[in-house]
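Notes for the structure review
This is what each chain is made of:
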Amino acid sequence: MNKVFIATSLDGFIADKNGGIDWLHSIPNPDNNDMGYVEFTNGVDALLMGRTTFETVIGFDVPWPYNKPVFVLSNKLKEIPESHKGKAFLVNGNLTEVLAGIHGKGYERLYIDGGTTIRSFLREDLIDEIVLTTIPILLGGGSSLFGELPKELNFELIGTKTFLNQISQRHYKRKK
């Protein structure tokens, strides 16, 4: 089971024109509501993220935020930095092989993260669920979550929530 949990702008971007994500915090959140993130991550065994997302996360001035294994999908990265060895593991190859390797380690329920990685999984029809949180801002450009697909993919809405009276979150399941 491959799941996505991600936020976009109203116009479908996951980063602004400069690659920035500060706009994710444009709605005041004084109580630090996690908007279902902890519950979502409790339902996965491991994370699979792209190199850019991994490099963004390790660039934050915070302790490593994950308590589950993180697999980094990259053909460019040659090794995981020393500071994150044992926390993150490099994987590469086609998605079917990558998934077989991760499943072989006992991790079946994966959190797929990173725009390029999510788009690659969608192109291969390998996403089972999407939790899509929409921040009410128009960025007018940037990194789009979705891209060209070889075929139409149908999803079924299985839940909707509103957070902070401003942010909508929709939970979709792939219809096959």
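Whatever comes next refers back to the structure up there.
Residues numbered from 1 in each chain as written. Predicted model: local features only at pLDDT ≥ 70, side-chain atom pairs only at ≥ 80, totals over all residues. Heavy atoms only, no water.

1. Considerations on the pattern of salt bridges
- Taken as a whole and judged by the stated rule, the model has six salt bridges.
- Between Arg 109 and Asp 45 there is a salt bridge, and its shortest N-O distance comes to 2.8 Å. A residue pair is termed long-range when its members are at least 10 positions apart, and Arg 109 in the loop between α3 (95-104) and β6 (110-113) and Asp 45 in the loop between α1 (37-42) and β3 (46-50) qualify at 64 residues.
- In this structure, a network of salt bridges that share partners links the residues Glu 79, Glu 82 and Lys 85. (Salt bridge = Lys/Arg side-chain N within 4 Å of Asp/Glu carboxyl O. Helix = DSSP H or I, 4+ residues; strand = E, 2+ residues; numbered from the N terminus.)

2. So, unusual backbone geometry
- Phi angles above zero are rare outside glycine, and Leu 164 is one such case at about 55°.
- Position of Leu 164 relative to the elements: it lies in the loop between β9 (155-163) and β10 (167-174).
- What makes Leu 164 partly exposed here is its relative accessible area of 29%.
- The backbone phi angle of Asn 165 is positive, close to 55°, even though this residue is not glycine.
- Relative to the helices and strands, Asn 165 resides in the loop between β9 and β10.
- A relative accessible area of 74% places Asn 165 in the exposed class. (Buried < 20%, exposed > 50% of the residue type's maximum accessible area, 1.4 Å probe, protein only.)

3. Some details on the layout of surface pockets
- Estimated volume of the largest pocket: approximately 1,700 Å³.
- Residue lining of the largest pocket: 50 residues in total, with Ile 21, Leu 24, Thr 53, Tyr 111 and Asp 113 positioned closest to the centre.
- If you list the elements that add at least two residues to the lining of the largest pocket, you get β1 (2-9), β2 (13-15), α2 (51-59), α3, β6, α4 (115-123) and β7 (129-135).
- By residue class, the composition of the lining of the largest pocket is 22 nonpolar, 22 polar and six charged.
- Of the pockets and cavities examined, the second largest pocket occupies roughly 240 Å³.
- In terms of lining residues, the second largest pocket is bounded by 15 residues, among which Glu 39, Phe 40, Val 131, Lys 161 and His 171 are the most central.
- Looking at the lining of the second largest pocket, the elements with two or more residues in it are β1, α1, β7, β9 and β10.
- Class assignment of the residues belonging to the lining of the second largest pocket gives a composition of four nonpolar, six polar and five charged. (1 Å grid on protein atoms, 1.4 Å probe; cavity = no way out; pocket = protein on both sides within 12 Å on 5 of 7 lines; lining within 4 Å. Points joined across faces, edges and corners; volume = space filled by probe spheres on them. Nonpolar A, V, L, I, M, F, W, Y, C, P; charged D, E, K, R; others polar.)

4. Brief notes about the sheet that holds β6
- Judged by pairing direction, the sheet is mixed, and its eight strands sit side by side in the order β5-β4-β3-β6-β1-β7-β10-β9 without closing on themselves. Either end of the sheet is taken by a strand with one partner, and the two such strands are β5 (88-91) and β9. Neighbouring strand axes in the sheet, compared pairwise and without regard to direction, differ in orientation by 25° on average.
- Taken together, the four bridges between β3 and β6 define a ladder with parallel strand orientation. The residue bridging Ala 46 from the neighbouring strand is Leu 110, located in β6.
- Running over the sheet, α4 touches β1, β3, β4 (70-73), β6, β7 and β9 and is turned about 115° from β6. (Pairing = 2+ DSSP bridges. Axes fitted to C-alpha atoms, helices over the stretch in contact; angles between N-to-C directions. Contact = heavy atoms within 4.5 Å.)

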